[in-house]
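Coordinate inspection notes
Here is how the chains run, residue by residue.
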Amino acid sequence: MDIIRITKTGSELYTKAMELYKISFPEHEQRLSASQAEIMGNDAYHFDAICDNGRFVGEILYWDIGGAYYIEHFCVMPEKRNMHYGQRILDAYADMPLILEIDPPTDETAQRRKHFYERCGFTENPYKHIHPPYRRENSGHELVVMSSPEPLTPEQYETFRCFLCNVVMLSLIHI
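Everything quoted here is computed from the prediction, not taken from an experiment.

**Observations regarding the overall build of the protein chain**
If you tally the helices and strands in the protein chain, you get 5 helices and 8 strands. Of the regular secondary structure in the protein chain, the N- to C-terminal order runs β-α-α-β-β-β-α-β-α-β-β-β-α. At 15 Å, the protein chain has a C-alpha radius of gyration in line with the 16 Å of a compact globule built from 175 residues. Seen through its principal axes, the protein chain has C-alpha atoms that stretch 40 × 40 × 30 Å. Residue burial in the protein chain is summarised as follows: out of 175 residues, 47% are buried.

**Section: unusual backbone geometry**
Excluding glycine, residues mostly carry a negative phi; peptide bonds, for their part, are mostly trans. For the bond running from serine 148 to proline 149, omega is 10°, close enough to zero to count as cis. In this fold, proline 149 is placed in the loop between β8 (141-148) and α5 (154-168). At asparagine 82, a residue that is not glycine, the phi angle is positive and equals roughly 65°.

**Description of the pairing of β8**
Burial analysis of β8 places 7 of its 8 residues in the buried class, which makes it a mostly covered element. Both strand β5 (residues 98-102) and β8 contribute to a ladder of 5 bridges, which runs antiparallel. What sits directly across from isoleucine 99, in β8, is serine 147. Looking at chain direction, strand β7 (residues 129-131) and β8 are connected through 3 bridges and run antiparallel. By the bridge assignment, histidine 129 is partnered in β8 with leucine 143.

**Regarding the nonpolar core**
Formed by 34 residues in total, the largest nonpolar core has its most connected members in Phe47, Phe56, Trp63, Ile65 and Phe160. Elements that contribute at least two residues to this core include exactly α1 (12-24), β2 (45-52), β3 (55-64), β4 (69-76) and α5. The element that contributes the greatest number of residues to this core is α1, accounting for 6 residues. Phenylalanine 56 has contacts with Leu13, Lys16, Ala17, Leu20, Ala49, Ile50, Cys51 and Met77, leaving out every residue within four places of it along the chain. Formed by 21 residues, the second largest nonpolar core is a distinct cluster that contains Tyr69, Ile89, Cys120 and Phe122.

Reading the values: the criteria
Residues numbered from 1 in each chain as written. Predicted model: local features only at pLDDT ≥ 70, side-chain atom pairs only at ≥ 80, totals over all residues. Heavy atoms only, no water. Helix = DSSP H or I, 4+ residues; strand = E, 2+ residues; numbered from the N terminus. Rg over C-alpha atoms; globule rule 2.2 N^0.38 Å. Buried < 20%, exposed > 50% of the residue type's maximum accessible area, 1.4 Å probe, protein only. Pairing = 2+ DSSP bridges. Core = buried A, V, L, I, M, F, W, Y, C linked by side-chain atoms within 4.5 Å. Contact = heavy atoms within 4.5 Å.

Now the structure itself:
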């Protein structure tokens, strides 16, 4: 498995990754194209394509927040799911604590997603968490914060929350 950091929007691999991104996340959880292009120049932001034997299998878009990685978006090609790529990709980033957000487990899909992350060593955190909106016309939405290998302390959660609000979300370009 190869991890390829993409830093510019012009490549074929970037195009494939954005096609997967658009089918994997609801529109209100997606950055606008101009915003995505802008943040790729930020040293703390990583847009990593994952390939296996030269074939694109998924992507992980994350921020190095100093002491942990915040996984903003993570997805595997639909035809490659249930083949352990998700776990293998997350394992490749386990050199740092990992933080991510999921929808509250109120339906079957969200429950399966939560169980997947738990099998990968993530723990649900107890903090009430509202993710700010990616687009001007939307409102913030409640998400569950999960972390690996351990739950976040209140101080760690606050560091993450401040980074999310003051760096990640301020990097948005509203068009």
